[in-house]
Amino acid sequence: MQIPFDNSYAALPDAFYTRLTPTPVKTPHLLAFNTDLAKLLGIKVGDLQEAAQVFAGNATPANAAPLAQLYAGHQFGNWNPQLGDGRAILLGEVIGTDGTRRDIQLKGSGPTPYSRMGDGRAWLGPVLREYLVSEAMYAFGIPTTRALAAVSTGESIWREQGGLPGAVLTRVASSHLRVGTFQIFAARGEIENLKTLTQYAIQRHYPDAKGPMDLLRAVCTAQAALIPAWMAVGFIHGVMNTDNASIAGETIDYGPCAFMDAFAQTRVFSSIDQTGRYAYGNQPNIAVWNMAQLATALIAQMEDRDAAVEEATAIIHAMPDQIEANWLTRFAAKIGISTPVEEDVKRLEHLLALMQDDGADFTNTFRALGTDAARDQFVNREAFEAWHSAWQARLSTEPDPQALMARSNPAVIPRNHRVEEMIQAAVAGDMAPFERLSRALATPYAETDPDLHRPPTSDEIVPATFCGT
Ligand code: AMP
Ligand code: MG
């Protein structure tokens, strides 16, 4: 197998990482491989046995520069002075056929100096969940890391329970630079490293940025676009810690993430999110909070601190309006409005309030708006009819609301009960549900497999997702 590595991170100072190779596993078996993505990356795969060895970490490909990256982060608001890749190893970077540089990283590839109490491993369930959900996000058109391969290891993993099958995910990202990568150097007062990192991030992601404050502005803009895109598909990330906030503005680190069935602003899935910090409707606030942490870290390198604080404050304070504007564009499109006006905010909030009151299914309600199937989502029909008539009148000035709605409302999402069902089947050796879901989610705006549109029955509901990833 040939991977055309072109490594830049490994040329940064030693303080940024630890070089090490993955820990080999017992019996690698390739469970999933993303041929389209491999093509984009310019990877030539010959023998699948060899691919299993490489993507399990048993064979290091030529020209790789394997390393574990250092970073810190705020986890649930609490400062953790050192995290780092505790179970991931960056093999290197490639420049794709589209000219974009991307990281190729193994996740679950064994312990590193940053593993703390962890085993450095991942189990099959979360690996297949990340594979499926990240590829679904890509198909929705939402910035995200992607999945190149999933390999089972033939080894057992211990989480809340023992005997879980081990697996390794190969993740592809625009980069793995996080807010936490900046935070660690700022917190340690390593200003030269902070400056080097800032230059590196600018060059790699925002070449037009003129300095740290421009970088901050660009990352805020990317994050302000990302969160409304999540919300428009009912996505809850679940662990929006600063170490999981990407500088490139991609969705990264699919842990206890989930898509909502019945709509509720306060919806939380992660079993460890006791206070609802990362609830669906709180994600915009958290994105701003995370960017404020990035601002604090970037400012540490500025000569004129007072001026920098003033500029950064203005950038952060502009973010809620940016998020709201992007939210309005996304949600207006979901109801067929291409040029939203201020009044449409109330229209959308009203609809969402009715949906929340009646426990309407988020995906199916938007997809079916304008048909009887949408009406059936509501208990309070009178209130919905009133909303509906006003909406119909509003659409009279829209050129082609149906087409806009059809491409703004996915028919199929990775519903939790399907994901859980897929994981259970995979643990038992049956990959058919994974393949079925993958196939349908590759074209999520088309109705290729209607049975996957069905919300869970009361005994299929998955109330929580667990962090034991
Ligand atoms: P996450 O919640 O997945 O973003 O992980 C937070 C931190 O914990 C990161 O530094 C991870 O590398 C580390 N981590 C998570 N799971 C493990 C594990 N099984 N072994 C070692 N480190 C881990
Ligand atoms: Mg993480």
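Definitions and cut-offs
Residues numbered from 1 in each chain as written. Chains lettered and ligands numbered in written order. Predicted model: local features only at pLDDT ≥ 70, side-chain atom pairs only at ≥ 80, totals over all residues. Heavy atoms only, no water. Helix = DSSP H or I, 4+ residues; strand = E, 2+ residues; numbered from the N terminus. Rg over C-alpha atoms; globule rule 2.2 N^0.38 Å. Buried < 20%, exposed > 50% of the residue type's maximum accessible area, 1.4 Å probe, protein only. Contact = heavy atoms within 4.5 Å. Lys, Arg positive; Asp, Glu negative; His and termini not counted. Charge placed at Lys NZ, Arg CZ, Asp CG, Glu CD. Domains from an automatic or database assignment. Buried area = accessible area lost by both parts, 1.4 Å probe. Salt bridge = Lys/Arg side-chain N within 4 Å of Asp/Glu carboxyl O. Phe/Tyr/Trp six-rings, centres within 6.5 Å; stacked < 30°, edge-to-face > 60°. Expected span 1.5 Å × (residues − 1). Donors = N, O, S within 2.8 Å, 3.2 Å for Na, K, Ca; no water. Near = heavy atom within 4 Å. Polar contact = N/O pair within 3.5 Å; in protein donor to acceptor, adjacent residues only side chain to side chain. Areas by Shrake-Rupley, 256 points an atom, 1.4 Å probe, with all protein chains shown as cover. Nonpolar A, V, L, I, M, F, W, Y, C, P; charged D, E, K, R; others polar. Pairing = 2+ DSSP bridges.

**Details of the overall build of the protein chain**
Reasoning step 1: A count of helical and extended segments in the protein chain gives 15 helices and 12 strands.
Reasoning step 2: Against the 2.2 N^0.38 benchmark of 23 Å for 469 residues, the protein chain shows a C-alpha radius of gyration of 22 Å, consistent with a compact globule.
Reasoning step 3: Counting only C-alpha atoms, the protein chain reaches 65 × 60 × 40 Å along its principal axes.
Reasoning step 4: Expressed as a percentage of its 469 residues, the buried residues of the protein chain come to 60%.
Reasoning step 5: Restricting to contacts in the protein chain with at least 6 residues of sequence separation, those with at least 24 account for 72%.
Reasoning step 6: Computing the positive centroid from 37 side-chain charges and the negative centroid from 52, the protein chain places the two 3 Å apart.

**Some thoughts on the domain arrangement of the protein chain**
Reasoning step 1: Domain annotation of the protein chain identifies domain 1 (9-173) and domain 2 (177-409).
Reasoning step 2: In this structure, domain 1 and domain 2 have C-alpha centres spaced 26 Å apart.
Reasoning step 3: Domain 1 puts 36 residues into the contact, and the matching count from domain 2 is 40 residues.
Reasoning step 4: Interface area for domain 1 against domain 2, summed over the two sides, is near 3,100 Å², with a carbon-plus-sulfur share of 63%.
Reasoning step 5: At the boundary of domain 1 and domain 2, one finds five salt bridges.

**Describing the packing of aromatic side chains**
Reasoning step 1: Taken as a whole and judged by the stated rule, the model has 22 aromatic pairs.
Reasoning step 2: Between Phe140 and Tyr445, the aromatic rings sit 6.4 Å apart at their centres with planes inclined by 70°, giving edge-to-face as the arrangement. Of this pair, Phe140 sits in helix H3 (residues 124-140) while Tyr445 sits in the segment after helix H15 (432-441), placing them 305 residues apart in sequence.
Reasoning step 3: Using a relative accessible area of 6% as the deciding quantity, one classes Phe140 as buried.
Reasoning step 4: Relative accessible area serves as the criterion here: at 25%, Tyr445 is assigned to the partly exposed category.
Reasoning step 5: Taken together, a centroid distance of 6.1 Å and an interplanar angle of 75° make the contact between Phe331 and Phe366 edge-to-face. You can see Phe331 sitting in helix H8 (residues 305-334) and its partner Phe366 sitting in helix H10 (residues 362-368), a full 35 residues away along the chain. We note that Phe331, like Phe366, is buried.

**What about H3?**
Reasoning step 1: Between its first and last C-alpha atoms H3 spans 24 Å; for 17 residues at 1.5 Å apiece the expected length is 24 Å, and the two agree.
Reasoning step 2: The element H3 is extensively covered by neighbouring structure, given that 15 of its 17 residues are classed as buried.
Reasoning step 3: Gly141 lies just past H3 and shows a positive phi near 90°.

**Digging into unusual backbone geometry**
Reasoning step 1: Backbone geometry at Asn63 places phi at a positive 70°, although glycine is not the residue there.
Reasoning step 2: In this fold, Asn63 is placed in the loop between helix H2 (48-56) and strand S3 (67-69).

**Things to note about the coordination of the magnesium ion (ligand 2)**
Reasoning step 1: Coordination of the magnesium ion (ligand 2) by the protein comes from Asn244 (OD1) and Asp253 (OD), over a distance range of 1.9 to 2.2 Å. Asp253 carries the same exposure label as Asn244, and that label is buried.

**Things to note about helix H14 (residues 416-427)**
Reasoning step 1: When the terminal C-alpha atoms of H14 are compared, their 16 Å separation across 12 residues agrees well with the 16 Å that a helix rising 1.5 Å per residue should span.
Reasoning step 2: Among the residues of H14, those classed as buried are Asn416, His417, Arg418, Val419, Met422, Ile423, Ala425 and Ala426.
Reasoning step 3: Lining the buried residues of H14 we find strand S8 (122-123), H3, strand S12 (258-259) and H15.
Reasoning step 4: Immediately beyond the C-terminal end of H14, within one or two residues, lies Gly429, with a positive phi of roughly 95°.

**Observations concerning the site of ligand 1**
Reasoning step 1: Within the structure, ligand 1 sits among 17 residues, and Gly84, Gly86, Arg116, Asp119 and Gly120 are positioned closest to it.
Reasoning step 2: Between ligand 1 and Arg116 there is a distance of 2.8 Å, counted from an oxygen atom to a side-chain nitrogen or oxygen.
Reasoning step 3: Arg121 places a main-chain nitrogen or oxygen 3.3 Å from a nitrogen atom of ligand 1.
Reasoning step 4: Contact with the protein chains removes 83% of the 480 Å² of surface that ligand 1 exposes when unbound.
Reasoning step 5: Counted by class, the shell around ligand 1 contains two nonpolar, seven polar and eight charged residues.

**Here we look at the environment of Pro444**
Reasoning step 1: Turning to its location among the elements, Pro444 is positioned in the segment after H15.
Reasoning step 2: Among the residues examined, Pro444 registers a relative accessible area of 2% and is labelled buried.
Reasoning step 3: Not counting residues within four places of it along the chain, the set of residues in contact with Pro444 comprises Ala139, Phe140, Pro410, Ala411 and Val412.

**Re the pairing of strand S9 (residues 146-157)**
Reasoning step 1: Across the 12 residues of S9, nine count as buried, placing the element largely inside the fold.
Reasoning step 2: Two elements, strand S2 (residues 29-33) and S9, share four bridges in a ladder whose sense is antiparallel. Within the sheet, the bridge partner assigned to Ala32 lies in S9 and is Ala150.
Reasoning step 3: Strand direction decides the pairing type here: S9 and strand S10 (residues 164-173), joined by eight bridges, are antiparallel. Paired with Ser152 across the two strands is Ala167, which belongs to S10.

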